[in-house]
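# Per-entry structural report
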Amino acid sequence: MTAEDDALSSLQASGLLNVLTWAAPAAFAATDQLYDEDQGHDQGVVGYLNFKHLKDLIDRATSNGRFVLGQDVDGTGDDVVKRGVTPEVFNAMPSLAADAIFRSDYKQSPGWAIEGFRVLLQSFPFGKIDDIKWVQRSDAKRRVASQLFVRDYALFDDEEFGLESIAGIPDDDDFAGVTLVVAHAFNPTTKQFELYIGQSKNPEYPGDSCWHWRRLLLSDGTPLGVAGISVPPTMPGDGVTTDVEDVPVRIKKPRTDEGLGSANG
């Protein structure tokens, strides 16, 4: 099994891939509602709105962030989780155990994790997945792109030479495992969108790839490459509404490995 297959298999089994492919069309629809070129909105606005909407939706489905249920909350807290999304989006939300996926932020970049794998969000211009320059992104994304990659079918293992290879980010003591990037793009003019997942890398020479591997999960609303994932064929018509009241949410104390970082997607 390759590193890519291992990652996708684990993320699929945990339900996190289903959450990502459910959240993306709804997030892009919400961004489309707010985007207004006549008000000076540009790619930066698109990326920021996509990030905020994706973060909110992933936290909803995984019972994290402001949707963490305290021990004194009866049931699943659906009355709170329904707020701010359409019935269509809510009804399609994957059903997961509250502790199936946990928040594991890295250097103020929100992340969601299972045992062995964590995903962070990153925006990119539509059609430019292979042009991301990680050294020009945040410090977190640069370090993620520098983490060890366990190569497939290597002729020699480090252990044969008395060396120790530990996958993951060397300076990250809060998470043991590989950090992947979920890259998202939406073009509000053409309504096209893309969602990728992969392990990023800092190119070693001119023309080298910025990915060890990447897999296209969604393109124009059509799921590709991962069997068993069911997503809407198009973006929900109304998306996520912003016309909602503030709702108090009972929360539990954050985990020791759970960050309190700011937006970085």
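Residues numbered from 1 in each chain as written. Predicted model: local features only at pLDDT ≥ 70, side-chain atom pairs only at ≥ 80, totals over all residues. Heavy atoms only, no water.

On to the side chain of arginine 60, then. Its place among the elements puts arginine 60 in helix H3 (residues 43-62). Residue classification places arginine 60 among the buried residues on the basis of a relative accessible area of 4%. The contact partners of arginine 60, leaving out residues within four places of it in the chain, are Arg66, Phe67, Val80, Val81, Lys82, Arg83, Gly84, Val85 and Met93. (Helix = DSSP H or I, 4+ residues; strand = E, 2+ residues; numbered from the N terminus. Buried < 20%, exposed > 50% of the residue type's maximum accessible area, 1.4 Å probe, protein only. Contact = heavy atoms within 4.5 Å.)

We now examine the nonpolar core. Within the largest apolar cluster, 44 residues are counted, with the highest numbers of intra-cluster contacts made by Leu11, Leu16, Leu20, Leu57, Val119, Leu180 and Ile197. Sorting elements by how many residues they give to this core places helix H2 (residues 16-34) first, with 10 residues. When neighbours within four sequence positions are excluded, leucine 20 is seen to be in contact with Ile58, Val182, Leu195 and Ile197. Ranked by size, the runner-up nonpolar core spans 17 residues in total, among them Phe124, Ile169, Ala183 and Trp211. (Core = buried A, V, L, I, M, F, W, Y, C linked by side-chain atoms within 4.5 Å.)

We now examine the pattern of salt bridges. Counted by the stated rule, this structure contains 13 salt bridges. As a salt-bridge pair, arginine 214 and aspartate 130 come within 2.9 Å of each other at their nearest N and O atoms. Within this pair, whereas arginine 214 is found in strand S6 (residues 211-219), its partner aspartate 130 is found in the loop between strand S3 (116-123) and helix H6 (139-144), the two being separated by 84 residues in sequence. Residue class for aspartate 130 comes out partly exposed when judged on its relative accessible area of 42%. A network of salt bridges, in which partner residues are shared, links Lys107, Asp139, Arg142, Arg143 and Asp171. (Salt bridge = Lys/Arg side-chain N within 4 Å of Asp/Glu carboxyl O.)

Let us look at the side chain of asparagine 64. Topologically, asparagine 64 is positioned in the loop between H3 and helix H4 (78-81). A distance of 2.9 Å separates a polar side-chain atom of asparagine 64 from the backbone oxygen of isoleucine 101. (Polar contact = N/O pair within 3.5 Å; in protein donor to acceptor, adjacent residues only side chain to side chain.)

Moving on to the packing of aromatic side chains. Here the structure, examined in full by the defined rule, presents four aromatic pairs. Measuring from centroid to centroid gives 5.1 Å for phenylalanine 28 and phenylalanine 193, while their planes differ by 45°, and the two rings are tilted. Of this pair, phenylalanine 28 sits in helix H2 while phenylalanine 193 sits in strand S5 (residues 192-200); the two residues are 165 residues apart in sequence, bridging distant segments of the chain. Look at tryptophan 134 and tryptophan 211: their rings are 5.4 Å apart centre to centre, the planes differ by 90°, and that puts the pair in the edge-to-face class. Residue tryptophan 134 is located in the loop between S3 and H6, and its partner tryptophan 211 is located in strand S6; the two are separated by 77 residues in the primary sequence. Taking relative accessible area as the criterion, tryptophan 134 reaches 1% and is therefore assigned buried. Tryptophan 211 sits in the buried class, given a relative accessible area of 4%. Every member of this aromatic cluster is reached through a ring pair, and the members are Phe28, Phe186 and Phe193. (Phe/Tyr/Trp six-rings, centres within 6.5 Å; stacked < 30°, edge-to-face > 60°.)

The next thing to look at is the confidence of the model for the protein chain. Across the protein chain, the average pLDDT comes to 82, with 75% of residues at or above 70. Mean pLDDT across the elements of the protein chain bottoms out in strand S7 (residues 222-223) (64) and peaks in strand S2 (residues 111-114) (98). Scored below 50 in pLDDT, residues 225-233 makes 23 contacts in the model with residues more than four places away or belonging to other chains. Confidence drops under a pLDDT of 50 for residues 258-263, and excluding neighbours within four residues, the segment shows 12 contacts in the predicted structure. (pLDDT = per-residue confidence, 0-100.)

What follows covers the packing of H2 against H3. The interhelical angle for the contact between H2 and H3, taken along N-to-C directions, is 140°, at an axis separation of 8 Å. Classified by the angle their axes make, H2 and H3 are oblique. Seen from above, H2 lies across H3 with right-handed handedness. Between H2, through Val19, Leu20, Trp22, Ala23, Ala24, Ala26, Ala27, Phe28, Ala30, Thr31 and Leu34, and H3, the contact on the second element is made entirely by Val46, Leu49, Asn50, His53, Leu54, Leu57, Ile58, Ala61 and Thr62. Across the contact of H2 with H3, the residue classes break down as 16 nonpolar, four polar and no charged. (Axes fitted to C-alpha atoms, helices over the stretch in contact; angles between N-to-C directions. Parallel < 35°, antiparallel > 145°, perpendicular 65-115°, else oblique. Left-handed = near helix turned anticlockwise from the far one by under 90°. Nonpolar A, V, L, I, M, F, W, Y, C, P; charged D, E, K, R; others polar.)

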